[in-house]
Amino acid sequence: MKDIAAMLGVSVATVSRALKDNPSISREQREKIKKFAQEHHYFPNVIAERLRNSKKSTGRVIGVIVPQFIHYYFSSVLSGIEQEASRRGYRILVAQSNEKYDREVEICKSFYQNKVCGIIVSQAKDTEQYGHFVYLLENGVPLVFYDRICVGINASRVVVDDYQGSLKAVSHLIESGCKRVAFFGTSTNMEIGKNRLNGYKDALYGHGMQVDDSLICFCDNREDAERLTPELLSRPNRPDGFFAVNDETAIGVLYAAKHMGLRVPEDVSICGFTNSYNSLACDPMLTTVEQRGVQVGIEAASVLIDTVEGKYDIDHVEKRIVKTRLVLRGTTRNPAGNS
């Protein structure tokens, strides 16, 4: 506002009142000042307004974009981000894209306007253009991607080892006696979908088995799993194992299989990916790959704060991988007991 005041030859107070549409400033003067501000890309700092009487500065506020709050994994990542941010004296401002590209763009714009010190983001499912991320980086806003990374953007990222997690899970299904393993995954437009599918295929190849494309379904939620599973299990040469991209999808498979009168794991083995609370609430309890979302959040916040505080240069790209762990429970058989 000082710059605008100097350029227009008025006081800072006049600029402030005009931007707030204060009637004490003439309509002509208000319109002139607002037009000038818009042409010079001025945005009011809402956070600064709220913190005006606080000792904390806007430089210690981190923007976080979550695809959906309802998923256990994203909420656990958020918990890790908040934990690390709080430990280091930062606060977080959280928004949900709800898996929509347009919403994601609006959130990025809002965070930029409100001058967050950096942004931690997992991109929406339908994001295929990345201009909003490029704009942030070009304007000095540090970005850290988690889970769903944007391969077209040279930015820091923290991910779990999706490939190895998938490889171990499918290998366990095969080694416990499964001969035909179905794959329920997400779109290969995203790296996590591609990596988990590759882990699935390589597990089959590594055990001398061929990939049957008819057993690969793009399904990443319980509703679709309950709809698609009966068709697969009604085939003459039905699958006897399922690997699912997340626990909710795996539980959908479990529900459908039991509804058809099949025994789990005797007739059908099932493995998920997340290790959410729901994996313990089903019967039998779900074998799953633990993603360690809290640790992902801690690492993402650490990378961002280290960049903000100058440990890393603004153009430095930090890549961190959090190891997964296969958690064996009741939906799969014990390999040692396989005849």
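Residues numbered from 1 in each chain as written. Predicted model: local features only at pLDDT ≥ 70, side-chain atom pairs only at ≥ 80, totals over all residues. Heavy atoms only, no water.

**Details of unusual backbone geometry**
Following Val-264, the chain continues to Pro-265 via a peptide bond in cis, the omega torsion being 15°. Summarising the element assignment, Pro-265 is placed in the loop between α11 (247-259) and β9 (269-274). Backbone torsion omega between Asp-283 and Pro-284 reads 0°, so that peptide bond is classified as cis. In this structure, Pro-284 sits in the loop between α12 (278-281) and β10 (287-290). Positive phi values are uncommon outside glycine, yet Asp-21 reaches one of about 60°. Along the chain, Asp-21 turns up in the loop between α2 (12-19) and α3 (27-39). Exposure remark for Asp-21: the relative accessible area of 38% places this residue in the partly exposed category. The phi angle at Asp-147 is positive, at roughly 60°, despite the residue not being glycine. Take Asp-147: it is sitting in the loop between β4 (143-146) and β5 (156-160). (Helix = DSSP H or I, 4+ residues; strand = E, 2+ residues; numbered from the N terminus. Buried < 20%, exposed > 50% of the residue type's maximum accessible area, 1.4 Å probe, protein only.)

**Some remarks on the confidence of the model for the protein chain**
Summary statistics for the protein chain give a mean pLDDT of 91 and a share of 94% for residues scoring 70 or more. Here residues 50-58 is a poorly scored stretch, pLDDT under 50, and it has eight contacts once near neighbours within four places are set aside; other chains count. (pLDDT = per-residue confidence, 0-100. Contact = heavy atoms within 4.5 Å.)

**What to know about the nonpolar core**
Core analysis: the largest hydrophobic core is formed by 39 residues, its most contacted members being Val-170, Val-181, Phe-184, Tyr-200, Phe-242, Phe-243 and Ile-270. Breaking this core down by element, the ones donating at least two residues are α8 (162-175), β6 (181-185), α9 (191-206), β7 (216-218), α10 (222-233), β8 (241-244), α11 and β9. Residues in contact with Phe-242, not counting those within four places in the same chain, are Leu-173, Val-181, Ala-182, Phe-184, Thr-229, Leu-232, Leu-233, Val-253, Val-268, Ser-269, Ile-270 and Cys-271. The next biggest cluster of nonpolar side chains, apart from the first, holds 23 residues, and it includes Ala-85, Cys-117, Val-144 and Ile-305. (Core = buried A, V, L, I, M, F, W, Y, C linked by side-chain atoms within 4.5 Å.)

**Side note on the packing of aromatic side chains**
Under the defined criterion, the tally for this structure stands at nine aromatic pairs. Their ring planes at 75° and their centres at 6.4 Å tell us that Phe-74 and Tyr-146 sit as a pair that is edge-to-face. Of the two residues, Phe-74 is situated in helix α5 (residues 72-87) and Tyr-146 in strand β4; the sequence distance between them amounts to 72 residues. Each member of the pair, Phe-74 as well as Tyr-146, is classed as buried. One aromatic cluster in this structure is built from Phe-183, Tyr-200, Phe-243 and Phe-273. Of note, Arg-60 hangs over the ring of Tyr-90, and the distance from its end group to the ring centre comes to 4.3 Å. Between the NZ or CZ atom of Arg-196 and the centre of the ring of Phe-273, over which it lies, the distance is 3.8 Å. (Phe/Tyr/Trp six-rings, centres within 6.5 Å; stacked < 30°, edge-to-face > 60°. Lys NZ or Arg CZ within 6 Å of the ring centre and 35° of its normal.)

**Some details on α2**
Restricting attention to buried positions, one finds in α2 the residues Thr-14, Val-15, Ser-16 and Ala-18. Buried residues belonging to α2 abut α1 (2-8) and α3.

**Re the pattern of salt bridges**
Taken as a whole, this structure holds 22 salt bridges when the rule is applied. Residue Asp-212 pairs with Arg-180 through a salt bridge whose shortest N-O separation is 3.1 Å. Remark: Arg-180 occurs in the loop between α8 and β6 and Asp-212 occurs in the loop between α9 and β7; sequence separation between them is 32 residues. Accessibility expressed as a relative area gives 24% for Asp-212, which makes it partly exposed. Notably, a salt bridge pairs Arg-222 with Glu-226, separated by 2.6 Å at the nearest N-O pair. Here Glu-226 and Arg-222 lie together in helix α10, a separation of four residues that amounts to about one turn. (Salt bridge = Lys/Arg side-chain N within 4 Å of Asp/Glu carboxyl O.)

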